[in-house]
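Structural description and commentary
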Amino acid sequence: MNVKHIRSTLKTLLTRLVIPAVTAMALSAHAAQPLKIGYSDWPGWVAWQVAIDKGWFKEAGVPVTFEWFDYSASMDAFAAGKIDAVTMTNGDALVTGAAGGKSVMVMLTDYSNGNDMIIGKPGVRSIKALKGKKVAVELGFVEHLLLLNGLKKAGMKESDVTLVNAKTNEMPQMLASGDVAAVGAWQPVAGQAMKSVPGAKPIYTSADEPGLIYDVLAVNPASAKQRRAEWIKVVKVWDRVVKYINDPKTQPDAVKIMAARVGVSPETYLPLLKGTKLLSLDDAKKIYVKGEGFKTLYGSSKIADEFNVANDVYKKPQDLNSYLDASFTFAK
């Protein structure tokens, strides 16, 4: 056996023994790290606080840490790889992914059931009353899509109104200025807008089109694959959260926990919760199927994708199948 062959043999042995050992050590160290989830101020995501405070993740045997963010900052943190998962809308998962922060939607948390709204100033009582008038929305965001849906149902087109681009958190000032006939905003900003202009009322909301805005837990694809068993446990904890919130006996305690997270009274928070349809796993299984239209996550995401491309949010349609993985929701 020559020296070259001996070296080759040793190299092969090292590759077979040392590298797997190092890999195993790395995976072990990785598994010991808690899953990092970013969440923000939306009832369907604040709901996770119930599980956090109750210690349900520990009971389920899954190490998890939740990090609180402003919504946009949570998506930025996810795209930068600082967290393993983030709570966001299905449409924003596509936007984040198109910019390089790919994710897999492992589960649905809820759909907006009235908390997203088009608010008319005093005297404006319907979508049809907006014809020829200015409407402020954050272009390319969900309230823009909500407005287009409302216009379509009223037999109108986007060109029938003049869109004014503004940040969602600026909508109370926009409505109070009197320069626009209506604004688009989600709670709690929507409530602030109506408070700033007495007599202002919602003229079209997400309750008029259930499924237009689904909210999801979006996970880094590598984490979803490598730590699948742990993510399945997280999904099952969510089902426990929904049952606790929806049970009349335990709902007061749940609302108290959620209200404390955002710094308001339970009495103030309860109406916001009612504008959100929390989805149990059984609910989600009916939605997480292949189908057209707003009744399925696939159909809703397809509409959001078309909207995003049409409004130059990103250039090319996304491969929806790469974002959707129902197996976590259907896991036994």
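Here's a quick rundown of the structure.

What counts and what doesn't
- Residues numbered from 1 in each chain as written.
- Predicted model: local features only at pLDDT ≥ 70, side-chain atom pairs only at ≥ 80, totals over all residues.
- Heavy atoms only, no water.
- Helix = DSSP H or I, 4+ residues; strand = E, 2+ residues; numbered from the N terminus.
- Buried < 20%, exposed > 50% of the residue type's maximum accessible area, 1.4 Å probe, protein only.
- Pairing = 2+ DSSP bridges.
- Salt bridge = Lys/Arg side-chain N within 4 Å of Asp/Glu carboxyl O.
- 1 Å grid on protein atoms, 1.4 Å probe; cavity = no way out; pocket = protein on both sides within 12 Å on 5 of 7 lines; lining within 4 Å.
- Points joined across faces, edges and corners; volume = space filled by probe spheres on them.
- Nonpolar A, V, L, I, M, F, W, Y, C, P; charged D, E, K, R; others polar.
- Phe/Tyr/Trp six-rings, centres within 6.5 Å; stacked < 30°, edge-to-face > 60°.
- Axes fitted to C-alpha atoms, helices over the stretch in contact; angles between N-to-C directions.
- Parallel < 35°, antiparallel > 145°, perpendicular 65-115°, else oblique.
- Contact = heavy atoms within 4.5 Å.

**Digging into unusual backbone geometry**
- Backbone torsion omega between Gln187 and Pro188 reads 10 degrees, so that peptide bond is classified as cis.
- Mapping Pro188 onto the fold places it in the loop between β8 (182-186) and α9 (189-196).
- Positive phi values are uncommon outside glycine, yet Asp312 reaches one of about 60 degrees.
- For Asp312, a relative accessible area of 54% corresponds to the exposed category.

**Considering the pairing of strand β1 (residues 35-39)**
- Judged by how many residues are buried, β1 sits mostly within the fold: 4 of 5 residues are covered.
- Of the pairings in the sheet, the one linking β1 to strand β2 (residues 64-68) comprises 5 bridges and is parallel in character. Looking at the pairing, Gly38 lines up with Glu67 of β2.
- Across 2 bridges, β1 lies against strand β3 (residues 85-89) in parallel orientation.

**Thoughts on the pattern of salt bridges**
- According to the stated counting rule, one finds 8 salt bridges in the structure shown.
- With a closest N to O distance of 3.8 Å, Glu138 and Lys167 form a salt bridge. Remark: Lys167 occurs in the loop between β7 (162-165) and α8 (171-177) and Glu138 occurs in the loop between β6 (134-137) and α7 (142-153); sequence separation between them is 29 residues.
- In this structure Glu138 comes out as buried when scored by relative accessible area, which is 11%.
- A relative accessible area of 47% means that Lys167 is categorised as partly exposed.

**A closer look at empty space enclosed by the protein**
- Counted according to the given criterion, the structure contains 1 cavity of 30 Å³ or more.
- Of the pockets and cavities examined, the largest cavity occupies roughly 110 Å³.
- Forming the walls of the largest cavity are 14 residues, and the residues nearest its centre are Gly91, Val142, Leu145, Ala304 and Asn308.
- Examining the composition of the lining of the largest cavity, we find that 4 residues originate from one element, helix α6 (residues 90-98), more than from any other.
- Classifying every residue of the lining of the largest cavity gives 8 nonpolar, 5 polar and 1 charged.

**Observations regarding the packing of aromatic side chains**
- Here the structure, examined in full by the defined rule, presents 10 aromatic pairs.
- Aromatic pair Tyr39 and Phe66: ring centres 5.2 Å apart, planes at 80 degrees, arrangement edge-to-face. Of the two residues, Tyr39 is situated in strand β1 and Phe66 in strand β2; the sequence distance between them amounts to 27 residues.
- Overall, the relative accessible area of 15% leaves Phe66 in the buried class.
- With a centroid separation of 5.4 Å and 80 degrees between ring planes, the pair formed by Trp56 and Tyr244 is classed as edge-to-face. With Trp56 in helix α4 (residues 56-60) and Tyr244 in helix α11 (residues 228-246), this residue pair connects regions lying 188 residues apart in the sequence. Comparing Trp56 with Tyr244, the two get one shared label, buried.

**Quick word on the packing of α11 against helix α12 (residues 251-262)**
- It is the contact of α11 with α12, at a shortest axis distance of 6 Å, that shows an interaxial angle of 110 degrees. In terms of their interaxial angle, α11 and α12 are classed as roughly perpendicular. Only Gln251, Asp253, Ala254 and Met258 of α12 make contact with α11, whose side of the interface consists of Tyr244, Ile245 and Asn246.
- Of the residues assigned to the contact of α11 with α12, the class counts are 4 nonpolar, 2 polar and 1 charged.

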